[in-house]
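# An overview of the molecular structure
Below are the chains, spelled out letter by letter.
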Amino acid sequence: MKIVEPWVKVEDFDGKKIMQKIERACRTCYRSEDKITDESYKNLLKNCISRGHESVLEHEKITVRIYNDIGSYKDLTRHRFASFSVESTRYCSYDKDKYGNEISFINPVYIEDKETYEIWKNTMQQIENGYIAMKKLGASTDMCRNILPHSVAAEYTMTANIREWKHIFTLRANNHVHPAIRQVMIPLLKYFKEQMPEIFEEIPYDEEFNPKYYAKLSVE
Ligand SMILES: Cc1cc2nc3c(=O)[nH]c(=O)nc-3n(C[C@H](O)[C@H](O)[C@H](O)COP(=O)(O)OP(=O)(O)OC[C@H]3O[C@@H](n4cnc5c(N)ncnc54)[C@H](O)[C@@H]3O)c2cc1C
């Protein structure tokens, strides 16, 4: 068995360009395209957001790739206006060479008590032993997946428009949310805040959450 860390990869986007494209769409409402300058998107977007005129944010989308536990996508896929492609536990057979003949589990770093962590680790080992033993007896991947727990690592691609990202961050970066999701959503939100402050700067997040737990974020 392999214990791995979560990560998030964001498609390379230009926040200013995205906001300018939204501005262009929004100005159709007022036929004020002639007012566009290099910086005019800033006030326009702030005004739209403060008045709840947010449908304009739907004109642009961003895709990210996330490597995290199954539990995290179980929660995130509830967001109906986001699109997902998720690693399939029906088709990916973890006894194969491609997966190193083992199951990868996301490290639950937030289980800080050593004894509790050891119980988690031993349980994951037993699950892997069972998975491999079932495979050796000829069980299908469909059958084996029934014993997989929330901790199993999976990659998923997630696309949402800017309005939906704003909504998702509002719900998924605070301290009511499972730590595995905060690990990914907080660094992602912080990146969006840097790239598009006019849209994301007001969204709060759990500032008490230890940054050493943040998933590694890279831009691709
Ligand atoms: C802290 C937390 C705990 C949760 N606990 C549970 C739980 O115990 N059990 C559980 O089942 N779920 C739970 N959820 C999931 C939650 O109920 C939502 O299903 C999920 O967060 C998706 O949110 P949403 O519907 O706002 O978002 P989206 O699907 O992203 O929709 C965006 C927005 O569109 C509008 N919208 C979408 N569909 C409709 C519709 N049919 N009718 C009217 N308006 C619509 C709403 O304004 C909605 O906020 C939890 C979520 C959080 C954040």
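This text follows the structure it describes.
Residues numbered from 1 in each chain as written. Predicted model: local features only at pLDDT ≥ 70, side-chain atom pairs only at ≥ 80, totals over all residues.

## Some thoughts on the overall build of the protein chain
The secondary structure content of the protein chain amounts to eight helices and seven strands. Oriented by its inertia axes, the alpha-carbon framework of the protein chain measures out at about 70 × 35 × 25 Å. Each of the 220 residues in the protein chain was classed as buried or not, and the buried ones make up 30%. (Helix = DSSP H or I, 4+ residues; strand = E, 2+ residues; numbered from the N terminus. Buried ≥ 20, exposed ≤ 12 C-beta atoms within 10 Å, placed from the backbone.)

## Points about the site of the ligand
The ligand sits among Arg78, His79, Arg80, Phe81, Glu164, His167, Leu171, His176 and Val177. Considering only residue class, the shell around the ligand consists of three nonpolar, three polar and three charged. (Near = placed C-beta within 6 Å. Nonpolar A, V, L, I, M, F, W, Y, C, P; charged D, E, K, R; others polar.)

## Digging into helix α1 (residues 15-26)
A rise of 1.5 Å per residue sets the reference length of α1, with its 12 residues, at 16 Å; its end C-alpha atoms lie 16 Å apart and thus fit the reference within 8%. Ile18, Met19, Ile22, Glu23 and Cys26 are the residues of α1 that are buried. What you see down the axis of α1 is that its buried residues fit within an arc of 140 degrees, all on one side. (Expected span 1.5 Å × (residues − 1). Arc of directions from axis to C-beta.)

## Focus on the packing of α1 against helix α2 (residues 41-51)
Two numbers describe how α1 lies on α2: the axes approach to 10 Å, and their chain directions differ by 65 degrees. By the angle class used here, α1 and α2 are roughly perpendicular. Crossing geometry of α1 relative to α2 is assigned as left-handed. Across the interface between the two elements, Met19, Gln20, Ile22, Glu23 and Cys26 of α1 pack against Tyr41, Leu44, Leu45 and Cys48 of α2. Considering only residue class, the contact of α1 with α2 consists of seven nonpolar, one polar and one charged. (Axes fitted to C-alpha atoms, helices over the stretch in contact; angles between N-to-C directions. Parallel < 35°, antiparallel > 145°, perpendicular 65-115°, else oblique. Left-handed = near helix turned anticlockwise from the far one by under 90°. Contact = placed C-beta atoms within 7 Å.)

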